[in-house]
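# Secondary and tertiary structure notes
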Amino acid sequence: MRVYQLLLCSTIILLLGVLTLIGTKVGGFWFDMECFKIWSAHIHTDGLSCTYTHWNNYMPVYQYIMKLYGVMMGTEARILEYVRLLKGFTLAFEFLGLWFVWKWIDKRTDFLLLLCVNMLNIAYSYNSVIWGQVDGIHTMMVFAAMYYACERKIMLSAVWYLLAMNMKLQAIVFLPPLALIYLYHVLDTKKWQLIPYVVLMVSIGQALILWPFLRIENGFALFWKQVTSATSIYPQVSLKAMNFWNLVVCGDTEQIPDKKIFISGLSYRMTGLLLFFASSFAALWPLLKMVWNKLAGKAITMLAKEKIWLVCALIAILFYF
């Protein structure tokens, strides 16, 4: 057994070295990497409080990560030169996500083996190591929130979900399944006081996360303007995403503004939202039925975790399409 574990550890160290080499040699998506470079340098020189005084449409959690990166680099020159090392933070969160997967599958597989297999799978790390994106961070946080929700640790789940929302607003699409699971637990345990406790804790947590950005004049207004304007940067029907619109629209979806009327007075954007809400309702049906039966006083148990995985996976796919 010891030889097996030593072999796995050696393989993981080797693979980590390969991923590090690839990550530092491959530039990633140039626009995002340039943004991370400029933002990190700005935060290092002017401080977190001044983050949103310049154009920066990322949520607070990644600002903290860039601040930590700046502290580790020490100088602006090194920040600009070694910006690709930021990929390592995302990769670390992806590995942490695998740890939660390992816990959620009841530790039936050796964690080192799980880690090794996924490090060998280029599809797992391509988005972060090659493309330089940060989606793995909020994905891991949402996964942790869902894990603790199913474990009835609502407070801990809410903390992870708060962090996910403060990493990327896209995490909001997972609020309905989480809220339904929370509601089920409240109905099951009759601990109604849990609701105000969670609301209070989330409010305090949000205030603490935003505090450094609020210390300057008009700090909240600057933050709110930058974040809420993020969806207007690319106001096209579909930007390099082969989704639903590429199947039903004749022409280049990148050239069609999303506010243009599509059908029956509805714009492309509104039609997309309505389709997402309707299809999400169908995906959420098992959870909705579970809560409805609980409200009706029936002896109903929590959905199997595999079904909860499928519900959340469907929502993510539906959001993309």
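Up top is the structure these notes are about.
## Here we look at the pattern of salt bridges
If charged atoms from side chains of opposite charge come close, those side chains can pair. Overall, the coordinates contain eight salt bridges when judged by the stated rule. Put simply, Lys-294 and Asp-188 hold a salt bridge, and the shortest N to O gap is 2.8 Å. Within this pair, whereas Lys-294 is found in helix H15 (residues 285-295), its partner Asp-188 is found in helix H10 (residues 175-189), the two being separated by 106 residues in sequence. We classify Lys-294 as buried; its relative accessible area is 16%. Of the charged contacts, one joins Asp-258 and Arg-269 as a salt bridge, the two residues approaching to 3.2 Å between their closest N and O atoms. Here Arg-269 lies in helix H14 (residues 268-283) and Asp-258 lies in the loop between helix H13 (244-248) and strand E1 (261-263), a separation of eleven residues in the sequence.

## Considerations on the nonpolar core
With 69 residues, the main nonpolar core has Phe-36, Tyr-62, Leu-86 and Met-141 as its most contacted residues. Looking at this core element by element, the count peaks at eleven residues for helix H8 (residues 135-150). Setting aside chain neighbours within four positions, we find Phe-36 in contact with Tyr-58, Tyr-62, Met-66, Val-83, Leu-86, Gly-132 and Val-134. Leu-15, Leu-19, Phe-95 and Leu-114 belong to the second largest nonpolar core, which has 14 residues in total.

## Looking at the packing of helix H5 (residues 87-104) against H8
At a minimum axis distance of 8 Å, the contact between H5 and H8 shows a crossing angle of 25°. In this view, H5 runs roughly parallel relative to H8, as classed from their interaxial angle. Where H5 crosses over H8, the two elements pack in a sense that is left-handed. Residues Thr-90, Phe-93, Glu-94, Leu-96, Gly-97, Phe-100, Val-101, Lys-103 and Trp-104 of H5 form the contact with H8, whose own contacting residues are Gly-136, Ile-137, Met-140, Met-141, Phe-143, Ala-144, Met-146, Tyr-147, Tyr-148 and Cys-150. Looking at the contact of H5 with H8 residue by residue, the classes come out as 14 nonpolar, three polar and two charged.

## A word on unusual backbone geometry
Its identity as a non-glycine residue notwithstanding, Arg-152 has a phi of 65°, on the positive side. With respect to the helices, strands and loops of the structure, Arg-152 is situated in the loop between H8 and helix H9 (154-165). The backbone phi angle of Lys-190 is positive, close to 65°, even though this residue is not glycine. Tracing the backbone shows Lys-190 in the loop between H10 and helix H11 (194-214).

## Let's talk about H11
Compared with the 30 Å implied by 1.5 Å per residue over 21 residues, the 29 Å span of H11 between its first and last C-alpha is a close match. Residues of H11 that are buried: Leu-194, Val-198, Gly-205, Ile-209, Leu-210, Pro-212 and Phe-213. On its buried side, H11 packs onto helix H3 (60-73), H9, H10 and helix H12 (219-228).

## Things to note about the packing of aromatic side chains
Inspection of every chain in the model, using the stated rule, returns 32 aromatic pairs. Each member of the aromatic cluster is reached from another via a ring pair, and the members are Phe-29, Trp-30, Phe-31, Phe-36, Trp-39, Trp-55, Tyr-58, Tyr-62 and Trp-131.

## Thoughts on the environment of Leu-80
Looking at the secondary structure, you find Leu-80 in helix H4 (residues 76-81). With relative accessibility at 33%, the residue Leu-80 sits in the partly exposed group. Leu-80 has contacts with Lys-37 and Ala-41, leaving out every residue within four places of it along the chain.

## Things to note about the packing of H5 against helix H7 (residues 122-130)
The N-to-C vectors of H5 and H7 enclose an angle of 155°; their axes lie 9 Å apart at closest approach. In terms of orientation, H5 lies roughly antiparallel with respect to H7. Here the hand of the crossing between H5 and H7 comes out right-handed. Residues Lys-87, Thr-90, Leu-91, Glu-94, Phe-95 and Leu-98 of H5 form the contact with H7, whose own contacting residues are Tyr-124, Ser-125, Ser-128, Val-129 and Ile-130. Its residues assigned to classes, the contact of H5 with H7 comprises six nonpolar, three polar and two charged.

Cut-off values and rules
- Residues numbered from 1 in each chain as written.
- Predicted model: local features only at pLDDT ≥ 70, side-chain atom pairs only at ≥ 80, totals over all residues.
- Heavy atoms only, no water.
- Salt bridge = Lys/Arg side-chain N within 4 Å of Asp/Glu carboxyl O.
- Helix = DSSP H or I, 4+ residues; strand = E, 2+ residues; numbered from the N terminus.
- Buried < 20%, exposed > 50% of the residue type's maximum accessible area, 1.4 Å probe, protein only.
- Core = buried A, V, L, I, M, F, W, Y, C linked by side-chain atoms within 4.5 Å.
- Contact = heavy atoms within 4.5 Å.
- Axes fitted to C-alpha atoms, helices over the stretch in contact; angles between N-to-C directions.
- Parallel < 35°, antiparallel > 145°, perpendicular 65-115°, else oblique.
- Left-handed = near helix turned anticlockwise from the far one by under 90°.
- Nonpolar A, V, L, I, M, F, W, Y, C, P; charged D, E, K, R; others polar.
- Expected span 1.5 Å × (residues − 1).
- Phe/Tyr/Trp six-rings, centres within 6.5 Å; stacked < 30°, edge-to-face > 60°.

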